[in-house]
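Residues per chain, in single letters:
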Amino acid sequence: MEDFAPTVGVSSTRPTDMPADHAELPVWNAENWFYEDWPVGQKIRSLRRTMSESDSHLFNTLVVDIHPYVQDQMFAEREGIFGKRLIAGAFVFSAGLGLVATNCVNAFSYGYDKLRFIKPVFINDTIYTIRTNMEKRPRYKELGLIRASYEVYKGEGELVLYCEHLQTVKYKNPADFVGKTEK
């Protein structure tokens, strides 16, 4: 594994119940970084989160998601194709990305690409996320554009969600990017 500056994670909990290459990745921590600090190629892994029934119900209530696959136990068991209730995909997306979210005041969400719900997540499944820093490029006078992939896994390493997050990030020294930006 390539050595990166400790800007997004420096240690791992090394759990034994996930793929070994996932367990060795540093765990995400909040920090204050700039465009220049963001290392392309770095991977980090989140802590895990069990998707409880109460969390699911609260999310569904907040977003008014009353689909029978997420809210109706009798439907899910008797008529649904999975035989049990699902966690809403929007909640898996929100919670999965939240697990590796940063409190960086220099980064701003620009959007998401390639969002795919690959496998269902059920009540009491445990998820974790791996973020891979894919690319960066100068974009605006004060902000560069970065792209990271997010892979959300459940259990012992089953991929359930994939997306790519685009963020604009402030330059530490905007003068270094004069004449190199797209806009």
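Throughout what follows, the structure given in this document is the object of discussion.

1. So, the overall build of the protein chain
Okay, step 1: Within the protein chain one finds five helices and six strands.
Okay, step 2: Reading the secondary structure of the protein chain in the N-to-C direction produces α-β-β-α-α-α-α-β-β-β-β.
Okay, step 3: The 183 residues of the protein chain split such that 44% are buried.
Okay, step 4: A separation of at least 24 residues holds for 68% of the contacts in the protein chain among residues at least 6 apart in sequence.
Okay, step 5: Taken as a whole, the protein chain presents about 9,800 Å² of accessible surface, with 53% of it coming from carbon and sulfur.

2. A short note on the environment of Arg 116
Okay, step 1: For Arg 116, the position within the fold is in strand 3 (residues 107-117).
Okay, step 2: With 47 residues separating them in the primary sequence, Arg 116 and Cys 163 have C-alpha atoms 6.3 Å apart.
Okay, step 3: Every residue in contact with Arg 116, bar those within four places of it in the chain, is listed here: Val 160, Leu 161 and Tyr 162.

3. Describing the environment of Val 100
Okay, step 1: Following the sequence through the fold, Val 100 ends up in the loop between helix 5 (89-98) and strand 3.
Okay, step 2: For the pair Val 100 and Ile 44, spaced 56 residues apart in the sequence, the C-alpha separation amounts to 8.1 Å.

4. Here we look at the packing of aromatic side chains
Okay, step 1: What the rule picks out here adds up to nine aromatic pairs.
Okay, step 2: Each ring, one from Tyr 35 and one from Tyr 171, has its centre 5.2 Å from the other, and the planes form 90°; the classification is edge-to-face. With Tyr 35 in the loop between helix 1 (20-23) and strand 1 (43-45) and Tyr 171 in the segment after strand 6 (158-170), the pair connects residues that are 136 residues apart, well separated along the chain. Pair check on accessibility: Tyr 35 and Tyr 171 agree, each one buried.
Okay, step 3: Ring centres 5.8 Å apart and planes at 65° place the aromatic pair Phe 82 and Phe 122 in the edge-to-face group. Within this pair, whereas Phe 82 is found in the loop between helix 4 (73-78) and helix 5, its partner Phe 122 is found in the loop between strand 3 and strand 4 (126-138), the two being separated by 40 residues in sequence.
Okay, step 4: You can call Phe 122 buried: its relative accessible area is 9%.
Okay, step 5: Members of the aromatic cluster, connected to one another through ring pairs, are Tyr 69, Phe 75, Phe 82 and Phe 122.

5. Let's talk about the nonpolar core
Okay, step 1: The biggest cluster of nonpolar side chains holds 33 residues, and the ones touching the most others in it are Trp 33, Met 51, Phe 91, Val 92, Val 121 and Leu 161.
Okay, step 2: Of all the elements in the fold, those that place two or more residues in this core are helix 3 (68-71), helix 5, strand 5 (143-154) and strand 6.
Okay, step 3: It is helix 5 that provides the largest number of residues to this core, a total of five residues.
Okay, step 4: Apart from the residues lying within four places of it in its own chain, the contact partners of Val 121 are Met 51, Leu 86, Ile 87, Val 92, Ile 127, Lys 154 and Val 160.
Okay, step 5: The next biggest cluster of nonpolar side chains, apart from the first, holds six residues, and it includes Met 18, Ala 23, Tyr 128 and Tyr 153.

Cut-offs applied
- For every chain, the first residue of the written sequence is number 1, and numbering continues from 1 along that sequence.
- It should be noted that, the model being predicted, local features are given only for residues of pLDDT at least 70 and side-chain atom pairs only at 80 or more, the latter also being counted only at that level, while totals for whole chains, interfaces and linings use all residues.
- As a rule here, side-chain values come from all non-hydrogen atoms in the structure, and water together with hydrogens is ignored.
- Here a strand is any run of E in DSSP of at least two residues, a helix any run of H or I of at least four, and the numbering for each starts at the N terminus.
- Here the term buried applies to any residue with accessible area under 20% of the maximum for its type, exposed to any over 50%, and partly exposed to those in between, with areas from a 1.4 Å probe on protein chains only.
- Whether two residues are in contact is decided by their heavy atoms: any pair within 4.5 Å suffices.
- The protein chains shown are the only cover counted for residues, whose accessible areas, like all others here, come from Shrake-Rupley with a 1.4 Å probe.
- Pairing of aromatic rings covers Phe, Tyr and the six-membered ring of Trp, with a centre-to-centre limit of 6.5 Å; geometry is then stacked below 30 degrees between planes, edge-to-face above 60, and tilted otherwise.
- The nonpolar core is taken to be a set of buried Ala, Val, Leu, Ile, Met, Phe, Trp, Tyr and Cys residues, with the residues joined through side-chain atoms within 4.5 Å.

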